[in-house]
Amino acid sequence: MNIVSTLTLRHLLGNKKRSVVTILGIVASTALISAIILGVFSFFKFFGYLSIQSDGNVHAQFSEITYQQYVSLSEDDRIESVGLCDTTEQKTGVRLNSGREERFSIGNIEQADPVYMSMRVISDYDGVLPTNSSEIAVEEQFLIDNGLEDLKIGDTLTFEQGYRYMYDEQGKLVYLGGNYRSDEQFKALSTETCTVTAILHGNKPTGSWDIIRCLDEGYFPDSEKAQVVILLKNCDHTALKQIKHIIADHEIQKYDLNTEYLLSCFAFEGSGGSYRSFFVMMAVALAIVIATSVILIFNSIGMSLTERMRYLGMLASVGATARQKRSSIYFEGLILGIIGIPLGLLCGYIGTRITLAFLGRRILEADIFVGAEGMRGSIPVVCEPSVIVAIVFFAALTILISTFVPAIRAAKVMPIDALRQINVVKVKAKGLRVNPLIRKIFGYEGELAYKNIKRNGVKGKVITATIAVSVILFLTINFFCNSIARANQYEVDFPYQVVASCLLSESDKLRSEIEQIEGVDDVYSAGMIQFLFRKSPESHYELANTDIADKKFLSRGFADLKLDCMDVVIADDEDFDKILTDNGLERDEYYGDTLRGVLLNDYFRENKPSEVFNDKILGQVLHYDKVQGNPPAIEIAALVKYDGNNKIYNMTPKTNIAVYVPASMYFEKAKEVLPEDMLVLDMGVETSRPEEVLERIYSILEEGGYHNYYGSNLYSTIKAMDAITLMLKTAMYGFTILLTLIAIANIVNTISTGVLLRRKEFAMYKSVGLDNTGFKKMIRLETLLYGIKALIWGLSISLLLSYIMYSTFDMKLLTFDPDWLMYGVTMIAVFGILGISMALSISKIKDDNIIEALKEDAV
C-alpha cells in the first residue's frame, strides 16, 4: 500500500461517522438493487416452475405435422425429445357404463405416444405409464366420481369411445371437450377394454383429460390431426432463437411456444411488448436507485475531498502526480464498497426473502397463477452467481459514478492553491449584497445567514440541490404510486362473498332459505345489467342508445373519458331508499309510472370527489332501440355522491359508471319486455364461510326444484385481486420508503458534514462578539433559507415531472390530481429534517475552543 492509500485509509478511520453514513448509503443502495434484481429473477424462475406444473416439461407445440416432419424433428440434434398426440375429435370423448349420472360418466380421452406422456405427466402416479393402445392411464378423480375407487393397477376398464357434441344456433354440429354441459350429447363409435397401468393424482398438464390412451408404435394420425411437443437439449437465453430456426428449417406452419417457461430462461427475443415494458420499468427503478445513491455518496466523498484538500496539496508539493491524487479518491470508494456492497447484498437477500415469504404465501393462497392452484408455502429466492455479478456490477457502477467528479477535482489540486485555500470562497463583494428587506425582517442575523449561503458557494449549492432532489424523487415516486393505485382495477371491495340466483318468481323463497343457513350474515339483491355503447369488431351484441355517451354530458376534468358502458345495479328498495335519503331526494319520484334511477357521480371512489358528469345528463334515458327482449328503459333522474360507508356503492368496481334502480320498479317494468324465464334475481350473500355456504345453497337449489339457478364463490376471486393489489402496493411503497430513507440520510449527511467543515467560520463569528442567541438565530434563518430555496425548486420540478408522467401514462387517470396533502407534509418534513440535522450538528461544536478552532487546518 503506497503513502497516498495509507493516508486515505487513515482519513476514513479518522472520520468514522461520515464513513459509516456513506457505508450505510452504499448498503441501502445495494440492498435496493438486490431486492429489484433478486425479486424479478426469483419471480421469473417461479413462473418457469409453474409453467412446467401447468403445461408439462414442454418448450414448444407444433400442430398439423406430416410424418416426414415428425421424423426430421426426431432426428434434429437441437431437440432432446419429440412427443406425438392424435387430436382427432371423433375419438376424444369417453363414457363409462358405471350407472352414475352422465355429468360424471362422460369425460375426455387423449391419445398419445409414450414420449408425449413422459413430457406431459409431471404429477405423482401409481403404476407405470402406458406403452401401447391396450393400456391406459386414468385420473383418480374420474374413478372416484364413477364409484370405481377400488380399481387397481392391472385391472381392466371398459368404456365407450366416441365424441361429445351439440348443435349451435345455425344447426351446425360442434365437438365438445372440457367440463360437462347439460345440453350436450354423446356419440359412441366403439367399445374398448384396456388395462389400467397408471392412476394419475391430479396431473394438471393433462387436466382436461380423464383418460390417456397410448398410441401403438409406428402409428401416425392424419397430418391435420397430428400434434407434437418438443423439448430442447439446451434451453437457455437462446431458446427462442433455436425454436424459430427449428420452425423455419422444418417448414412448420402452426406452432405454440411455452412462452412463460422460455421467459424464465430469459429468452426474450420476439417476446411481447408487455415484457419489454416490464424491463423498461425495472431499468427506470434501477436508474432512480442509482441516481439517489450517487447523490449521497458523491456528497460524502466531495466533503471528504474538501477536508483533504490541504494534505493533497502537500503531497503534490513533494511530487504526487495527478494520477496518484485521483487514485486516492477511487481507493476511498473501493474501501467503502468492499464493506458496503457485501452488507447490502446480505440485507437485500434477507429483505427479499422476507418479502417473498409474506407475499408468496398470500399469492399462493389466492390461487391466481395457473399451475399453482392448491400450492402453499412461499416463493423461493433464487440467487445464482450471474445474479450476484449483476448486483455487484450495478452497485460498483454507482460508487464509480459517485467518485468520478471528486477524482477529477483531486487530480487538479495544485500545491499553492491547496495550502492557501483560495478556492474556499470565490465570491466578489457585489455578490454579497443583501436586499435591505432581509435585514429589516430578520435583523443582522438574517443578513449574516444570507451572506453565509452566498459565501458557501458550491457547498451551499450542494445542500440546496440535495434537498431539492430528495423532494423531487419522493414526490414524483409518490405520484407514480398513487397513479398506479388509482388505475388498479383489481382493487375491489365487494361486500358479499357468494352469489346465488334463480327465477324472480322463486327468489323470495330462496332468500328466506339462504337466511336460515348457519354462517350467513346478510342476503340482498346484487343484480346488475350493462348497457353497452361500444363493441369490438367481432362482437355481435346490440348497442344501447349511444347518444348518452356524448361528451357534452362530461365534466371538464373527464372530457377525454371514453364511455363504453354503464352498469345498472338492481338494489333492494330499502337500500335504494337509503341512497335517496342520504342525498336529500324525494322517494315518490322513483316509484311512479317511469323507471327512474340515480347515477353515482364518482369515478375513483376515493375520499375526495371525482365527478364525471354535469347536470345536462339528467333526464337522459338508457334504452335499446329494440324494446322487446332487452332491459327496460331507465331515466337518469339525479346524481348522487359516493359514500364509503354504504356498501351498495361497492357492488361495482371503481372506474365503472353505475346507475342504481329500485328492484320492485325494475322488475315491474322488465315484465313488460322480457320473457318470464329471463327474469332472474341475483342475490349477494355475506358470509365468513363461503365454501360451506355455497355448498349448502347448491343443495337447496337442486333439492328445491329451482329454475335457472346459479351459484358462485367470489371469495377466491376477491382473494386473487387482493393478492395482486398487495403485490403492487408492497413493491411501490416499499420502494418509496427505502428511497426516502436514503434521501433523508443524504440530507443529514450533507448538513452535518457541512457544519463540521465550518468550525473555523463559526469560531470567527464568536470571536468578534456574536453571542449564543444571535448565533442560534443565524443558524435557524440559514436553515430556513436553504429549505425555502430547495422547496421552490423541488416542488416546481416535482409538479412538472408528475404532469409529464401523467401525460404519458397509458391508463385511465383522466385528471391530473397531485396529492396536495403529501406536498404539505413534505414541506413540513424538509424543515423538520433540516432543523434537527442542523441542531444535532451544532451541538457537536458548541463547546469548541475559539482559538483551537481558528488554528484548525481543515476548512
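Small disclaimer: the values here were computed from a predicted structure and weren't measured. (Residues numbered from 1 in each chain as written. Predicted model: local features only at pLDDT ≥ 70, side-chain atom pairs only at ≥ 80, totals over all residues. Heavy atoms only, no water.)

**Brief notes about helix H15 (residues 504-515)**
If you check H15, its first and last C-alpha atoms are 17 Å apart, about what 12 residues at 1.5 Å a residue would give, namely 16 Å. Of the positions making up H15, those classed as buried are Leu504, Glu506, Ser507, Leu510, Arg511 and Ile514. Seen end-on, H15 carries its buried residues on one side only, within an arc spanning 145°. Away from the buried face of H15 by more than 90 degrees, exposed residues Ser505 and Asp508 are located. Considering only its buried residues, H15 is in contact with strand E13 (498-503), strand E14 (520-525), helix H17 (663-670), strand E21 (680-687) and helix H18 (690-703). (Helix = DSSP H or I, 4+ residues; strand = E, 2+ residues; numbered from the N terminus. Expected span 1.5 Å × (residues − 1). Buried < 20%, exposed > 50% of the residue type's maximum accessible area, 1.4 Å probe, protein only. Arc of directions from axis to C-beta. Contact = heavy atoms within 4.5 Å.)

**Section: the confidence of the model for the protein**
Interpretation of this model should avoid reading the predicted coordinates in detail wherever pLDDT is low. Taken over all residues, the pLDDT of the protein has a mean of 80, while the share at 70 or more is 80%. Within the protein, the element-level pLDDT minimum falls on helix H12 (residues 415-420), averaging 58, and the maximum on strand E20 (residues 658-662), averaging 94. Across residues 368-373, confidence stays below pLDDT 50; counting only partners more than four residues off in sequence or on other chains, it has 20 contacts. (pLDDT = per-residue confidence, 0-100.)

**Digging into the nonpolar core**
The biggest cluster of nonpolar side chains holds 53 residues, and the ones touching the most others in it are Ile514, Phe531, Met566, Phe613, Leu622 and Ile697. Once residues lying within four places of it in the same chain are set aside, the contact partners of phenylalanine 531 are Ala544, Asp564, Cys565, Met566, Val568, Leu622, His623, Tyr624, Pro631, Pro632 and Ile634. Core analysis: the next-biggest nonpolar cluster, separate from the first, contains 45 residues, Leu32, Phe46, Leu263 and Ile399 among them. (Core = buried A, V, L, I, M, F, W, Y, C linked by side-chain atoms within 4.5 Å.)

**Focus: a negative patch on the surface**
On the surface, a cluster of negative charge is contributed by Glu542, Asp547, Asp550 and Asp625. Tracing the sequence through the fold places aspartate 550 in the loop between strand E15 (527-532) and strand E16 (565-571). (Patch = residues over 30% accessible without salt bridge, like charges linked within 9 Å, V, L, I, M, F, W, Y side chains within 5 Å. Areas by Shrake-Rupley, 256 points an atom, 1.4 Å probe, with all protein chains shown as cover. Salt bridge = Lys/Arg side-chain N within 4 Å of Asp/Glu carboxyl O. Lys, Arg positive; Asp, Glu negative; His and termini not counted. Charge placed at Lys NZ, Arg CZ, Asp CG, Glu CD.)

**Points about the pattern of salt bridges**
Where charged atoms from two side chains of opposite charge approach closely, those side chains can pair. Taken as a whole and assessed by the stated rule, the structure comprises 17 salt bridges. Here aspartate 76 and arginine 78 are joined by a salt bridge, their closest N and O atoms 2.8 Å apart. Among the ionic pairs, arginine 511 bridges to aspartate 572, the shortest N-O distance being 3.1 Å. With arginine 511 in helix H15 and aspartate 572 in the loop between E16 and helix H16 (573-582), this pair connects stretches of sequence that are 61 residues apart. Residues arginine 511 and aspartate 572 agree in their burial class; the two are buried. Connected through shared salt-bridge partners, Asp76, Arg78 and Asp249 make up one network.

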